[in-house]
Amino acid sequence: MTNLSRLRAETHRRNLTIDNQTIIEEARTVEVAFSSEMVVERWFGGELLTHSPDSVDLSRLSDGGAVLMQHNHDRIIGVIEEVRIDPDKVGRARLRIGRNSEAAEAWQDIQDGILRHISVGYEIRDYDVEERDADSPLVRVTDWAPYEVSFVSVPADPSVGIGRAQDTPSEKTFEKEIASMSKEIEKTAEEILEAERSRVSEIRTIGADAGIGDDAIRAAQDNGVTVEVFRKQASEFAIAEAKRLREEAQKAEEKKAEEAKRNVGAPAVVRGTGEAKPEEFSLVRSILADVSKDWSEAGFEREMIQEFKRQHGPGSHGGIIVPMDMIFARNTTTTNAGGIGENLRPDMWIDTLRAQTVMGRLGANFMTGLVENVKIPKKTGNSTIGFVAEGSPVTESTVPLGAVTLSPKHLGGSVPITFELLRQQLPAAEAFVRQDMSQSMALAIDAAAISGSGASNQPTGILSQSGVQTLTVADATNAHMTWEEIVAMEGKLGDADALMGSLAYLTTPGHVSALKTKKKDDGSGIFVAMGDSNNASTNGYPLLGSTQIAAKETIFGNFNDVLIGFWGAVEIVPLRDPSTGGIDLGIHQMMDVAVRHPESFVKAVTA
């Protein structure tokens, strides 16, 4: 990635060409356009100067700014009488040329069309980096200040009259002069020293929290990187590091699966017993035996179900008791041309549940094996810390604590198994049944966590939580958000000190598609959302779509604050359908959803 730490310390230039029709000879004035939002290629990539009123500081030009020759402070030829940013997002100024010898000569060259290139010098205070390609990002300057306007003889691209003035020895000397202009610094030496100590300390703290190495932290401290810029760099590093860790974990999981494939044929270990058995537990064989009441071909499954009932209780509906890992087993079954399964292997269910649910992919916390109501503590305020006089006692305070409670709620539904599926060989049928059951439960879990009403024994999902922040969007018809509204969601979490954790946007698949075709603005050609449907992002955060969120709904927040708890095992109640020959599986599980900090989320609402 291009190192942008030098941007604040450098002097920057842009050129435009004078329109001769703006020259007023009697008043010795000429009106020039000195800046625009055109993208200019720099050493670090593309540069775009934002021209909104709150992005440009014109105070130095407005206060009798100087007109120079070749950016040389010793060659003043005029003064800036008026400066403004027009609605077409172009910076314009009226220059009055003086009467000294060099100014008179320059004035004649201006009238004759010989001296016609304008260059503005400016400093960059803040910026955002947007991906454009691997080696050439787009730097959108969001806070900048022009400080002088110069006539130059050699622009970077004279064919179009706009560009960057070529570096000359005088410009490099001028950059050194800018760095040493102590007369413009009003702080005392003690204040400067204290500010530097504070900068170094804050950078050390931010870097340590983000896991940045000591060498990189020291480099930022030594190179004069500001706290604001380093905080942005640390955020970018943390996002990249999290992505790297996810990829490493995925590779490790794939390697583990491959090793397990090679070990097929070894005795299976049934979870919960810790004993090696020469057989695999078959869910389909258990279901068929329960319906027919003939367990002669499923003696091993009957033994295991009895053990499951001893561990988790007998259930409430007289059905088969199966731990959730038997439902959400990672399935590596493959089938040949005849649909016959060749290999079936269960694995840790919790990883698969996270992968199959949107909540899991967003970072929600899953808690299994719960026995009774669970209270999760949380802070509801902050302790009091302040300054006191020497010898005075400090103010005592306590940390206010609260709790969120998880209490079991009945999740139930029906999954049909067709007669045709039952005629398949056992491994293939096993794979399909587990897949249907796990997908159905995953969708139900997502629906409860996102929009559960909290009534009629439903969990209280994110959208129904009291205390969730709101943002009104302008599009009342479709609630398709603009770039500004998406960024405003981030700002609301920042104002609530909640901009941390597993942050992401969640909306409908249709809204994701709309954002991928919606441009941020008229000039940059950059879309609000980027990436494919499984890896989309916007504003630097993941963007996921789910059919379990209602139309017009969008959520942004820290999904680590979502807690999803499960009690006991899954109870399966099979019933034969005499009209079709198939079996309807009643699925029952006790679960609940809680949100530790509702203020960690913002939801979009329409007016």
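Residues numbered from 1 in each chain as written. Predicted model: local features only at pLDDT ≥ 70, side-chain atom pairs only at ≥ 80, totals over all residues. Heavy atoms only, no water.

## Regarding the overall build of the protein chain
Helix and strand content of the protein chain: 15 helices and 25 strands. Entry remark: accessible area of the protein chain is about 31500 Å², with carbon and sulfur atoms responsible for 50%. (Helix = DSSP H or I, 4+ residues; strand = E, 2+ residues; numbered from the N terminus. Areas by Shrake-Rupley, 256 points an atom, 1.4 Å probe, with all protein chains shown as cover.)

## Description of helix α7 (residues 283–292)
L283, V284, S286, I287, A289 and D290 are the residues of α7 that are buried. Positioned one or two residues after α7, K293 has a phi angle of 60°, which is positive. (Buried < 20%, exposed > 50% of the residue type's maximum accessible area, 1.4 Å probe, protein only.)

## Some points on the pattern of salt bridges
Summed over the entire model, instances satisfying the criterion amount to 22 salt bridges. For the salt bridge of E102 with R75, the shortest nitrogen-to-oxygen distance reads 2.5 Å. You can see E102 sitting in helix α2 (residues 101–111) and its partner R75 sitting in strand β7 (residues 72–85), a full 27 residues away along the chain. Its salt-bridge partner being E301, residue R285 comes within 2.9 Å of it at the nearest N-O pair. Highlighted residues: R285 in helix α7 and E301 in helix α8 (residues 299–312), separated in sequence by 16 residues. Through salt bridges with shared partners, a single ionic network connects E31, E81, E82, R84, D86, D88, R92, R94 and R96. (Salt bridge = Lys/Arg side-chain N within 4 Å of Asp/Glu carboxyl O.)

## Here's the deal with the nonpolar core
I80, L95, F151 and F230 are the most contacted members of the largest nonpolar core, which has 42 residues in total. With near-sequence residues (within four places) excluded, F230 lies in contact with I203, I206, G207, I212, I217, A220 and V225. (Core = buried A, V, L, I, M, F, W, Y, C linked by side-chain atoms within 4.5 Å. Contact = heavy atoms within 4.5 Å.)

## Things to note about the environment of H597
Positionally, H597 belongs in the loop between β24 (583–595) and β25 (601–606). The sequence separation of H597 and V404 amounts to 193 residues, and the corresponding C-alpha distance is 9.0 Å.

## Observations concerning unusual backbone geometry
Of note, Q70 is a non-glycine position whose phi angle comes to about 55°, a positive value. Tracing the backbone through its elements, the reader meets Q70 in the loop between β6 (66–69) and β7. With a phi angle near 55°, D497 is a residue other than glycine that sits in the positive phi range. Relative to the assigned elements, D497 resides in the loop between α14 (483–495) and β19 (503–507). Judged by relative accessible area, D497 falls into the exposed class, the value being 65%.

## A short note on helix α15 (residues 509–516)
Note that an α-helix has 3.6 residues per turn; residues three or four places apart therefore point the same way. Residues of α15 that are buried include every one of H511, V512, A514 and L515, and no others. The buried residues of α15 occupy one face: seen down the axis, they fall within an arc of 160°. In this structure, the buried residues of α15 make contact with α14, β19 and β21 (541–545). (Arc of directions from axis to C-beta.)

## Concerning the side chain of R28
Mapping R28 onto the fold places it in the loop between β2 (23–24) and β3 (29–35). It turns out R28 is buried and unbridged, and the closest side chain with the opposite charge, E25, is 9.0 Å from it. The residues contacting R28, other than those within four sequence positions of it, are L95, R96, I97, G98, R99, A103, A104 and W107. (Lys, Arg positive; Asp, Glu negative; His and termini not counted.)

## Notes on the sheet that holds β19
Read across the open sheet, the 6 strands follow the order β18-β25-β22-β19-β21-β20; overall the sheet is mixed. Strand pairing shows two members of the sheet lacking a second neighbour, β18 (469–473) and β20 (537–538), which therefore form its edges. Of the pairings in the sheet, the one linking β20 to β21 comprises 2 bridges and is antiparallel in character. Residue pairing across strands places T538 opposite Y541, the latter belonging to β21. (Pairing = 2+ DSSP bridges.)

## Considerations on the environment of F366
Mapped onto the elements of the fold, F366 is located in strand β14 (residues 365–370). The class of F366 is buried, set by a relative accessible area of 10%. Distance in space between the C-alpha atoms of F366 and G565 is 5.9 Å, their sequence separation being 199 residues.

## Considerations on the side chain of S55
Position of S55 relative to the elements: it lies in the loop between β5 (45–49) and α1 (59–62). If we ignore the near neighbours within four places in the chain, the residues touching S55 are T50, T142, D143 and W144.

## Overview of the packing of aromatic side chains
For the coordinates displayed, the defined rule picks out 6 aromatic pairs. For the ring pair Y122 and W144, a centre distance of 5.5 Å and an interplane angle of 70° mean the geometry is edge-to-face. Taken as a pair, Y122 in strand β9 (residues 117–130) and W144 in strand β10 (residues 138–152) lie far apart in primary sequence, 22 residues in all. The rings of Y505, Y541 and F556 are connected pair by pair, giving a single aromatic cluster. Its end group placed over the ring of W483, K520 keeps NZ or CZ at 3.8 Å from the ring centre. (Phe/Tyr/Trp six-rings, centres within 6.5 Å; stacked < 30°, edge-to-face > 60°. Lys NZ or Arg CZ within 6 Å of the ring centre and 35° of its normal.)

## Here we look at the pairing of β7
Consecutive side chains along a regular strand alternate between the two faces of the sheet. Where β6 lies against β7, 4 bridges are found, and the strand directions are antiparallel. Across the sheet, the residue bridging to V67 is G78, located in β7. Connecting β6 to the next strand, β7, in antiparallel fashion are 2 residues, including Q70 with a positive phi near 55°. Bridge count for β7 against strand β8 (residues 91–97) is 7 bridges, and the pairing is antiparallel. Bridge pairing in β8 links I80 to L95.

## Observations concerning the pairing of β3
Across the 7 residues of β3, 5 count as buried, placing the element largely inside the fold. Bridge count for β2 against β3 is 2 bridges, and the pairing is antiparallel. Directly across from I24, in β3, lies its bridge partner T29. Between β2 and β3, which pair antiparallel and follow one another directly, the connecting turn spans 4 residues, one of which, R28, has a positive phi of 55°. Across 6 bridges, the pairing between β3 and β8 is antiparallel. Across the sheet, V30 pairs through a bridge with L95, a residue of β8.

## Comments concerning the confidence of the model for the protein chain
Overall, the prediction assigns the protein chain a mean pLDDT of 76, with 75% of residues at 70 or greater. Every residue in residues 156–187 is under pLDDT 50, and counting partners more than four places away or in other chains gives 47 contacts. The low-confidence segment residues 261–279 (pLDDT under 50) makes 33 contacts with residues lying over four places distant or belonging to another chain. (pLDDT = per-residue confidence, 0-100.)

## Structural notes on the environment of N100
Looking at where N100 falls in the secondary structure, it is placed in the loop between β8 and α2. For N100, a relative accessible area of 38% puts it in the partly exposed group. Between the C-alpha atoms of N100 and I76, which are 24 residues apart in sequence, the distance is 9.3 Å. A polar side-chain atom of N100 sits 3.2 Å from the main-chain amide nitrogen of E102. (Polar contact = N/O pair within 3.5 Å; in protein donor to acceptor, adjacent residues only side chain to side chain.)

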